[in-house]
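Residue-level structure breakdown
Each chain, written out:
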Amino acid sequence: MSDVALAEPQDVSFSDLVKEAFIDPLRSVLIIDDQYPTWEQIFGDEGYNPSEDETANGEERRWIHKDDILKVIRQFRQLSPALTVDIHDGKNNQQIESYLHQSDLLVLDYQIKPEVDAGDKCVEIIQHLMNNEQFNLVVVHTMIDDLSIPFYKILMSLLSPFGFDEGSIAAGDEYLDERVAEDGNVINSVQGAISLAAYVAFREHDFAGGEVDGFVKDAVELDAFRAISDNIGWDEAQRLAVFQWGMSLHDNRVGGDKNSPRDLKWRLPQAEGSPWIRSSGGFVAFAVKATTDLLNVIQVAIEDWKPSPSRLMSARLRAEISKKGVGAEDNALSDKYAYWHYYQELRSPPKDTAPVSINSHRRTMLEGHAARHIERIFDQISRRSVDFGVRVLDADPVSGGRNAASFADHYGIKIKDDNGRKRARAHYNAHISTKPVSGWHLQPGHIFEVEKALWICLSPSCDLVPLQKSELGMENSSAVSMMPFLAARLDEKPGYRSKDFKSNSLIFLRQDGDVKAYSLFPGGDTNASPIWRLFTASDHGKFIVTDGYVNSFKVHHMRGDADGFRVHSVDARIVGQLRYEYALNLMQKLGAALIRVGLDFSSPRS
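All values derive from a computational prediction rather than experimental measurement. (Residues numbered from 1 in each chain as written. Predicted model: local features only at pLDDT ≥ 70, side-chain atom pairs only at ≥ 80, totals over all residues. Heavy atoms only, no water.)

Structural notes on the sheet that holds strand β4 (residues 136–142)
Judged by pairing direction, the sheet is mixed, and its seven strands sit side by side in the order β2-β1-β3-β4-β7-β6-β5 without closing on themselves. Looking along the sheet, the strands with just one partner apiece sit at the ends: β2 (84–88) and β5 (265–267). Neighbour-to-neighbour, the strand axes of the sheet open up by a mean angle of 15°, direction not taken into account. Here seven bridges tie β4 to strand β7 (residues 282–288), and the two strands are oriented parallel to one another. If you follow Val-139 over to β7, its bridge partner there is Ala-285. In the packing of helix α14 (residues 294–305) onto the sheet, the strands contacted are β3 (105–109), β4, β5, β6 (276–279) and β7, and the crossing angle to β7 comes to about 125°. (Pairing = 2+ DSSP bridges. Helix = DSSP H or I, 4+ residues; strand = E, 2+ residues; numbered from the N terminus. Axes fitted to C-alpha atoms, helices over the stretch in contact; angles between N-to-C directions. Contact = heavy atoms within 4.5 Å.)

In structure tokens form, the structure reads like this:
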């Protein structure tokens with residue numbers, strides 16, 4: 001396709017975007033179903049004869065009719081390019097993992113050996129998929145006409161316990177015991193009124209930030225429970241206790257904390273549209289076996305999920321990397337002289353030859369290499385991904401002037417006022433200006449905490465390499481394993497305004513699940529001078545990053561009191577890191593403050 005054709009406006013729907021991002025990139029399908037013959041059975045000694053009703057030993061054959069098998073397989077083989085289809089009978093689960101990592105779409109029978117399996121193998125496979133590093137698409141294919149049965153079983157296996165209050169549960173149990181003398185069926189009635197559907201609805205209510213008492217008062221799923229409570233005369237506190245008792249029965253059946261995937265969402269079978277379950281590890285749709293157009297099933301379910309524009313673009317980029325990554329990689333690696341020299345740099349030990357320092361040095365160099373390498377690969381494949389992003393924007397109903405909801409609603413957050421927009425802007429600013437903590441020694445942009453105050457390292461990179469300079473800031477600093485460095489204190493600035501952005505002196509840092517703004521200048525006043533210190537770090541400012549956590553290290557600085565100067569030693573821990581260009585900006589501002597010139601102008605008296 002020519003660049004001119006790509007640039008022409010196109011009438012693109014959200015359904016088209018979903019298909020291009022999630023369906024078109026599919027290359028392989030794995031069917032796990034003991035009613036489908038595997039290739040080993042077809043070509044092995046056992047053989048496969050779909051016309052036979054029984055095996056040699058009289059057992060009933062479990063193959064479904066070959067026409068139904070072909071309907072499913074043909075939809076995958078008729079695509080261009082045709083998808084690779086593999087079949088597994090689900091009997092040897094130890095080998096399934098090696099199949100799953102090579103498949104884009106999984107068609108999974110809900111009951112493998114239905115006479116003995118109530119969906120347990122299906123649940124086990126999905127639990128594994130939802131917690132791995134791939135994003136898998138799954139269609140649960142079932143003989144059961146009521147899709148709520150597999151849906152609720154799979155969803156409950158993925159939820160972690162809510163953890164209802166034990167005291168309230170005990171109180172609810174007592175209220176029920178008191179009532180049993182008058183109504184021996186009250187426990188069964190309450191259990192029936194606080195159903196599994198009510199439990200799932202409550203978990204959805206909780207994920208959306210709702211309160212427990214609000215759910216008890218208003219949820220339609222608890223209409224029967226409120227009728228029972230009204231008839232008995234329970235007050236608000238008693239209802240809440242009995243509610244928690246009933247909910248705890250379902251809470252004891254969920255999968256457990258270690259099985260719970262991240263960012264779990266779902267669509268109930270009773271709701272309008274197809275049922276589905278989504279997590280950061282995959283997407284599960286449901287279909288009865290009478291339905292054979294499974295690509296349509298998964299696409300309709302994904303459309304109902306309403307993935308955000310960012311997720312659509314990310315999925316399309318991932319597909320482009322998979323499709324053209326090898327060619328782009330070959331192009332990126334074409335300069336053999338540059339990569340030969342890089343490898344020599346990688347093999348050369350740092351000045352600090354301790355084994356842990358050599359290992360950390362190599363890891364840091366490899367991190368930088370990976371970032372540059374990915375950037376070069378992206379340069380080769382970005383054009384079509386950018387074109388797709390333009391089509392997403394063009395397809396947004398708001399872009400076309402239509403009176404419809406924007407794709408922005410797909411992010412699942414409600415921005416209703418300036419405070420909401422301010423919060424979103426702060427998160428964006430933190431996203432573009434900070435990065436996960438990396439390195440093995442102090443670098444410009446490392447933000448560290450000392451005695452509840454935040455400081456940012458603003459010494460040049462070349463002055464922070466362990467043992468690279470024998471004297472820095474103090475005589476013979478390397479002999480005592482000290483690393484002198486400049487740092488400026490950060491002052492929290494919650495009430496920042498538009499003009500503060502123009503000063504380029506703000507820092508946005510993620511803390512405790514939210515974003516806080518800080519300024520290099522005391523009180524955020526850009527006319528004030530930054531508060532800076534000359535610190536020295538023990539062990540040349542080295543640290544170790546383990547699973548995102550940075551160990552503490554010692555820093556020292558001069559402190560004055562009535563008796564004179566003394567060295568004050570404290571523990572420091574890195575809590576954040578600016579991207580290099582943002583750190584350079586603050587280094588320039590500190591440098592300007594340190595070299596400012598005082599002139600003899602006479603100013604008016606205030």
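Text resumes after the structure shown.
What about the pairing of β6?
Where burial is concerned, the two faces of β6 agree: the one with Trp-276 and Arg-278 and the one with Ile-277 and Ser-279 are both buried. In this sheet, β6 lies alongside β5 in antiparallel orientation, the contact comprising three bridges. Bridged to Trp-266 within β6 is Ile-277. Sheet analysis places β6 next to β7, joined by four bridges and oriented antiparallel. When the bridges of β7 are listed, Ser-279 appears paired with Gly-282. Taking the residues between adjacent antiparallel strands as the criterion, β6 and β7 are bridged by two residues. (Buried < 20%, exposed > 50% of the residue type's maximum accessible area, 1.4 Å probe, protein only.)

As for a nonpolar patch on the surface
Taken together, the side chains of Trp-532, Leu-534, Leu-594 and Ile-595 make up a nonpolar region of the molecular surface, amounting to roughly 400 Å² of accessible area. With respect to the element layout, Trp-532 can be found in strand β13 (residues 532–538). (Patch = residues over 30% accessible without salt bridge, like charges linked within 9 Å, V, L, I, M, F, W, Y side chains within 5 Å. Areas by Shrake-Rupley, 256 points an atom, 1.4 Å probe, with all protein chains shown as cover. Salt bridge = Lys/Arg side-chain N within 4 Å of Asp/Glu carboxyl O.)

Quick word on the environment of Leu-17
For Leu-17, the position within the fold is in helix α2 (residues 14–23). Residue class for Leu-17 comes out buried when judged on its relative accessible area of 0%. Taking the C-alpha atoms as reference points, Leu-17 and Ala-395, 378 residues apart in sequence, are found 8.6 Å from one another. Not counting residues within four places of it along the chain, the set of residues in contact with Leu-17 comprises Val-12, Leu-312, Phe-388, Arg-391, Val-392, Ala-395 and Phe-407.

Describing the nonpolar core
Counting 55 residues, the largest nonpolar core has Val-190, Phe-225 and Ile-277 as its most contacted members. For Val-190, the contacting residues outside a window of four places in its chain are Leu-176, Phe-225, Ile-228, Trp-234, Val-242 and Trp-245. Grouped together as the second largest cluster of nonpolar side chains are 40 residues, Tyr-36, Phe-283, Ala-287 and Trp-305 included. (Core = buried A, V, L, I, M, F, W, Y, C linked by side-chain atoms within 4.5 Å.)

Quick look at a negative patch on the surface
On the surface, Asp-173, Glu-174, Asp-177 and Glu-178 cluster together into a negatively charged patch. For Asp-177, the location among the structural elements is in helix α8 (residues 166–180). (Lys, Arg positive; Asp, Glu negative; His and termini not counted. Charge placed at Lys NZ, Arg CZ, Asp CG, Glu CD.)

Brief notes about α2
Of all the ten residues making up α2, seven are buried; the element is thus mostly covered by neighbouring parts of the structure. For α2, the complete set of buried residues consists of Phe-14, Leu-17, Val-18, Glu-20, Ala-21, Phe-22 and Ile-23.

Things to note about the packing of aromatic side chains
Working definition: an aromatic ring pair is given by the centre-to-centre distance plus the angle between the planes. Using the criterion set out here, one finds 22 aromatic pairs in the structure. Centroid distance Phe-162 to Phe-202: 5.1 Å. Interplanar angle 75°. Geometry classified as edge-to-face. Here Phe-162, found in the loop between α7 (148–158) and α8, pairs with Phe-202, found in helix α10 (residues 196–207); they are 40 residues apart in sequence, far enough to count as distant. Residues Phe-202 and Phe-215 carry aromatic rings whose centres are separated by 5.4 Å and whose planes lie at 70° to one another, so their mutual orientation is edge-to-face. (Phe/Tyr/Trp six-rings, centres within 6.5 Å; stacked < 30°, edge-to-face > 60°.)

Description of the pattern of salt bridges
A pair can form between side chains of opposite charge whenever their charged atoms are brought close. In total, this model carries 22 salt bridges according to the counting rule given. Notably, a salt bridge pairs Asp-304 with Arg-267, separated by 2.5 Å at the nearest N-O pair. You can see Asp-304 sitting in helix α14 and its partner Arg-267 sitting in strand β5, a full 37 residues away along the chain. Among the salt bridges present, the one from Arg-489 reaches Asp-491, with a minimum N-O distance of 3.1 Å. The structure contains a network of salt bridges with shared partners spanning Glu-20, Arg-316, Glu-320, Lys-324 and Arg-391.

Thoughts on helix α16 (residues 336–347)
Residue pairs three or four apart in sequence face the same way in an α-helix, which turns once every 3.6 residues. The first and last C-alpha atoms of α16 sit 16 Å apart over twelve residues, in line with the 16 Å expected at 1.5 Å per residue. Among all positions of α16, only Tyr-339, Tyr-342 and Leu-346 are buried. Looking straight down α16, one finds its buried side chains confined to an arc of 55°; they lie on one side. Exposed and facing more than 90 degrees away from the buried side of α16 are Tyr-337 and Trp-340. Against α15 (309–332) and α17 (355–395) lie the buried residues of α16. (Expected span 1.5 Å × (residues − 1). Arc of directions from axis to C-beta.)

Brief notes about the side chain of Ser-357
By the element assignment, Ser-357 lies in helix α17. Looking at Ser-357, the relative accessible area reads 1%, which means it is buried.

Observations regarding the environment of Leu-366
With respect to the helices and strands, Leu-366 occurs in helix α17. Put simply, Leu-366 and Leu-346 are 20 residues apart on the chain and 7.9 Å apart in space, counted from C-alpha to C-alpha. Setting aside residues no more than four positions away along its own chain, Leu-366 makes contact with Tyr-342 and Leu-346.

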